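Residue-level structural notes
One-letter residues, chain by chain:
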Amino acid sequence: MEPPPHVPVLADIPMEVAEAFQRAFGSPASKFQIRPTGAEWVPLLERMEKGIIECNANPAHYFSQTAPSCPWCRFESGTGTILFVGQYTVSRSSFDLISVLAKIERIQSPGSAPDLVAHMPVTVQLKASPAAQDFRARLWTRKAAGLAAAGLALFLMMNRMGWGFFVLIPAGILFFGEVSGLAAIRQQRAKAQSDWKSSLESWSRIAGSRRFDEKKNGLLKTAASYRALPGVEKDMLQSLELRSASCRCKGTLRIIS
């Protein structure tokens, strides 16, 4: 039977160790074949350990000097998998997390956003839109026409012309009647007020301290979790020890029973 590819073979270890391995795990050649004892294994493995050498191609590989070539290079080349990582140096960072967190805790909140209305120039004058100006002109024109008609009606009635009373009807319509375009102007005004309110809320949200407070609270929460890690580790180890002790007790009871 041929061994599968990319696995250790007996040729990779010293002959005496290979023979002991065959005696221990191979099919017995005769019923008188005796497996090697622990006392036999100790000197065999000690001599094998003294004959371990470093691979010239990869310093992470060590193998028996009796092997025809480095078995680990053969395994890695055949499987395409790195089995051993070479030595590397660990770089120490100068970043001090505890110091940074302490500085973050000392940072004061910027407070609420400044009052935008209070900082607006006093000289700003709001002007009516062209639509509002046109509506106002038509409104005062109608009211003036209504007053003129009412004055004419009074003049006629004072001169004993009773039919002048009927002139009051169109005068009232002109003076008290609704001018077209008022609904649209009111709608524009409501939209302007809504936009202004939204702008103030957006200003308060962006220029205020809410985003700062959220970020700072998130960092402090993370810092608290980091500082609690030793306690969490201790609790987990204690829990693991308790489970291990419980398993040992159950095993002992089974053996006794």
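In short, a report on the structure. These figures come from a predicted structure and were not determined experimentally. (Residues numbered from 1 in each chain as written. Predicted model: local features only at pLDDT ≥ 70, side-chain atom pairs only at ≥ 80, totals over all residues. Heavy atoms only, no water.)

This next bit is on the overall build of the chain. The helix and strand inventory of the chain stands at nine helices and two strands. Ordered by position from N to C terminus, the α and β elements of the chain give α-α-β-β-α-α-α-α-α-α-α. Counting across all 257 residues of the chain, residues that qualify as buried make up 16%. The contacts in the chain between residues at least 6 apart in sequence include a share of 57% that link residues at least 24 apart. Summed over its atoms, the accessible surface of the chain is roughly 20700 Å², and 62% of this surface lies on carbon and sulfur atoms. (Helix = DSSP H or I, 4+ residues; strand = E, 2+ residues; numbered from the N terminus. Buried < 20%, exposed > 50% of the residue type's maximum accessible area, 1.4 Å probe, protein only. Contact = heavy atoms within 4.5 Å. Areas by Shrake-Rupley, 256 points an atom, 1.4 Å probe, with all protein chains shown as cover.)

The next point concerns the environment of Ser77. By the secondary structure assignment, Ser77 is in helix α3 (residues 71-79). With a relative accessible area of 63%, Ser77 lands in the exposed category. Put simply, Ser77 and His6 are 71 residues apart on the chain and 8.7 Å apart in space, counted from C-alpha to C-alpha.

Now for the packing of aromatic side chains. For the structure on display, the rule yields three aromatic pairs. Between Trp72 and Phe75, the ring centres sit 5.3 Å apart and the planes meet at 85°, which makes this aromatic pair edge-to-face. Taken together, the residues Trp72 and Phe75, both in helix α3 and three residues apart, mark about one turn of the helix. A relative accessible area of 25% means that Trp72 is categorised as partly exposed. Looking at Phe75, the relative accessible area reads 5%, which means it is buried. When the ring of Trp72 is compared with that of Phe84, the centres are 5.1 Å apart and the planes differ by 75°; the resulting orientation is edge-to-face. Taken as a pair, Trp72 in helix α3 and Phe84 in the loop between α3 and α4 (97-106) lie far apart in primary sequence, 12 residues in all. Every member of this aromatic cluster is reached through a ring pair, and the members are Trp72, Phe75 and Phe84. (Phe/Tyr/Trp six-rings, centres within 6.5 Å; stacked < 30°, edge-to-face > 60°.)

This part covers the nonpolar core. Core analysis: the largest hydrophobic core is formed by six residues, namely Val17, Ala20, Ala24, Trp41, Leu44 and Met48. Excluding residues that lie within four positions of it along the chain, Leu44 makes contacts with Glu16, Val17 and Ala20. (Core = buried A, V, L, I, M, F, W, Y, C linked by side-chain atoms within 4.5 Å.)

Let's shift gears to the packing of α4 against helix α8 (residues 210-227). Packing of α4 against α8 brings their axes to within 10 Å, and their N-to-C directions diverge by 145°. Crossing of α4 against α8: the hand is left-handed. Of α8, the residues touching α4 (which contributes Leu97, Ile98, Leu101, Ile104 and Glu105) are Lys216, Leu219, Leu220, Ala223, Tyr226 and Arg227. Here the contact of α4 with α8 is composed, by residue class, of eight nonpolar, no polar and three charged. (Axes fitted to C-alpha atoms, helices over the stretch in contact; angles between N-to-C directions. Left-handed = near helix turned anticlockwise from the far one by under 90°. Nonpolar A, V, L, I, M, F, W, Y, C, P; charged D, E, K, R; others polar.)

Closest axis-to-axis distance for the helix α5 (residues 130-158)/helix α6 (residues 168-176) pair is 7 Å, and the angle between their directions is 160°. Between α5 and α6, the angle is such that the two are roughly antiparallel. α5 and α6 meet at a crossing whose hand is left-handed. Of the residues in α6, those in contact with Arg142, Lys143, Ala145, Gly146, Leu147, Ala149, Ala150, Ala153 and Met157 of α5 are Leu168, Ala171, Ile173, Leu174 and Phe175. (Parallel < 35°, antiparallel > 145°, perpendicular 65-115°, else oblique.)

All right, on to α5 then. Taking 1.5 Å of rise per residue, the 29 residues of α5 would be expected to cover 42 Å, and the 42 Å separating its terminal C-alpha atoms lies within 8% of that figure. Considered for burial, the residues of α5 that qualify are Ala132, Phe135, Gly146, Ala149, Ala153 and Leu156. Where α5 is buried, its residues touch α6 and α7 (182-207). At the C-terminal side of α5, Arg160 shows a positive phi close to 60°. (Expected span 1.5 Å × (residues − 1).)

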